[in-house]
Amino acid sequence: MSLEKRHTHDPVRKDSGRRAEIITLVEQSSLSVKAILKELGINRSTFYQWYKRYLQNGYDGLADPAYRRTSTWNQLPPAEKGRVVELALEKPDLSCRELACYIVDNEGWFVPESTVYRILKSRGLITTPVYRLMEAADQFYNPTTAPNQLWQTDFTARAAPLFQN
């Protein structure tokens, strides 16, 4: 195998057969590992990751590992979500904010109030509040009898303490 320069974006680099060839070349060469990898355009850290997997699992270890993120960095684990629901059922008188504070104070882990709300809302433990609809009246309850009467009343009510001596 010749020491031809490979670019890091070469799709052949992802082939486990190509990785095995590179490992064999490095093991059998009299040149330093650094020189060979520089000529091939492969980072040493990448090579040593391949080599470690090769030593542990043989040829099968050279295949790309199946990558699957189980959760996002800012998502509560299922156990903590379940604990939020348990605490909400144990303490139904607490609001979402109070429940979040209770968790921080007594459970030892942080959860935002908005997250508590979303968890409880998704489980059907929070319902939309009933709004009392108010309709506008056709006229004021205390209608004015002169122009600017309301303004004068508001002004005099606020300014009256200024003029008292």
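The coordinates are above.
A brief structural summary. (Residues numbered from 1 in each chain as written. Predicted model: local features only at pLDDT ≥ 70, side-chain atom pairs only at ≥ 80, totals over all residues. Heavy atoms only, no water.)

### Some words on the nonpolar core
If you look at the biggest cluster of nonpolar residues, it comprises 15 residues, and the most contacted ones within it are Val84, Leu99, Ile103, Trp109, Val111, Val116 and Leu120. Looking at this core, the elements that each hand over two or more residues are α4 (78–90), α5 (96–107) and α6 (113–122). Contact partners of Val111, with chain neighbours within four places excluded, come to Leu76, Ala100, Ile103, Val104 and Val116. Listed in part, the 12 residues of the second largest apolar core include Ile23, Ile36, Phe47 and Trp50. (Core = buried A, V, L, I, M, F, W, Y, C linked by side-chain atoms within 4.5 Å. Buried < 20%, exposed > 50% of the residue type's maximum accessible area, 1.4 Å probe, protein only. Helix = DSSP H or I, 4+ residues; strand = E, 2+ residues; numbered from the N terminus. Contact = heavy atoms within 4.5 Å.)

### Some words on the packing of aromatic side chains
Throughout the structure, instances matching the rule amount to three aromatic pairs. When the ring of Phe47 is compared with that of Tyr48, the centres are 5.3 Å apart and the planes differ by 70 degrees; the resulting orientation is edge-to-face. Among the residues examined, Phe47 registers a relative accessible area of 2% and is labelled buried. When the ring of Tyr51 is compared with that of Tyr54, the centres are 6.5 Å apart and the planes differ by 25 degrees; the resulting orientation is stacked. With Tyr51 and Tyr54 both in helix α3 (residues 44–57) and three residues apart, this pair spans about one turn of that helix. Using a relative accessible area of 22% as the deciding quantity, one classes Tyr51 as partly exposed. (Phe/Tyr/Trp six-rings, centres within 6.5 Å; stacked < 30°, edge-to-face > 60°.)

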